[in-house]
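# Structural overview
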Amino acid sequence: PRRVPCGAASLLPDENFLNFDMEVMTMKKRALACFLTVVMMMGILPTAVLAASDPSNYTFDISEGNITVASGDSDGNIKVTYGDPQTTVEFASTQDITVTGSTEQYNITVSADVSATLILSGVSIDVSSIRQRSAIDLSNAGACTIQLAAETENVLKAGEDRPGIHVPANNKITFNGTGSLNVT
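To keep things clear, this report deals only with the structure shown in the data block. What you see is a predicted model, and the numbers here were worked out from it, not measured in a lab.

Let's shift gears to the sheet that holds strand E15 (residues 180–183). With parallel pairing, 4 strands are arranged side by side in an open sheet as E6-E9-E12-E15. On the outer flanks of this sheet lie strand E6 (102–103) and E15, each paired with one strand and no other. Note that strand E12 (residues 153–157) and E15 share 4 bridges and pair parallel. The residue bridging leucine 156 from the neighbouring strand is valine 183, located in E15.

This is the structure we're talking about:
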């Protein structure tokens, strides 16, 4: 043991205190390492988690690929084909279809003799660089309602020689909702 002059002993740290201090430092380093690992993992997740199409909630993200609404295999049903690669789901034709996301290459098509309600919720479809392409194409659809979700801005831009929303003669389209819509 070391000899310490009288009065100086109280200035030296106790051996047990030093061991405790090292354990606390080690625990802090481990906690910091765990925290950083979680933060890095969360940075990876958004690319997979942000894929917004959720057919169980009738929500489809246009940034994932073309969206086509067609007659279902069963009476009273419609099919929605979406994404890339294309995936098809079928549900009651009375169900509203919510569309989200942005794209410069994909569009929405409502096929012949289908009546559907599309809810546009912050959609931006700009296919102006693709000749002869509409942002929404109602190719002989029975009747289509386009509802603008509250407090959203929606933009539809068509390619050369096409309207932003293609509505063939004798078709019916209805707009409602409180969101905004800019069509060119």
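Now that the structure is up, let's keep going.
Where nonpolar side chains cluster on the molecular surface, the patch consists of Leu32, Phe35, Leu36 and Val39 and spans about 380 Å² of accessible area. Checked against the element boundaries, leucine 32 lands in helix H1 (residues 15–44).

Moving on: the pairing of strand E2 (residues 67–71). Sheet topology places E2 next to strand E7 (residues 108–110); 3 bridges connect them, and they run parallel. Considered in E7, the bridge of valine 69 is made with valine 110.

Turning our eyes to something else, we now look at the environment of valine 183. Structurally, valine 183 is set in strand E15. Counting along the chain gives 25 residues from valine 183 to alanine 158, while the straight-line C-alpha distance between them is 8.1 Å. The residues contacting valine 183, other than those within four sequence positions of it, are Leu156, Gly164 and Ile165.

Thresholds, definitions, all that
Residues numbered from 1 in each chain as written. Predicted model: local features only at pLDDT ≥ 70, side-chain atom pairs only at ≥ 80, totals over all residues. Heavy atoms only, no water. Pairing = 2+ DSSP bridges. Helix = DSSP H or I, 4+ residues; strand = E, 2+ residues; numbered from the N terminus. Patch = residues over 30% accessible without salt bridge, like charges linked within 9 Å, V, L, I, M, F, W, Y side chains within 5 Å. Areas by Shrake-Rupley, 256 points an atom, 1.4 Å probe, with all protein chains shown as cover. Salt bridge = Lys/Arg side-chain N within 4 Å of Asp/Glu carboxyl O. Contact = heavy atoms within 4.5 Å.

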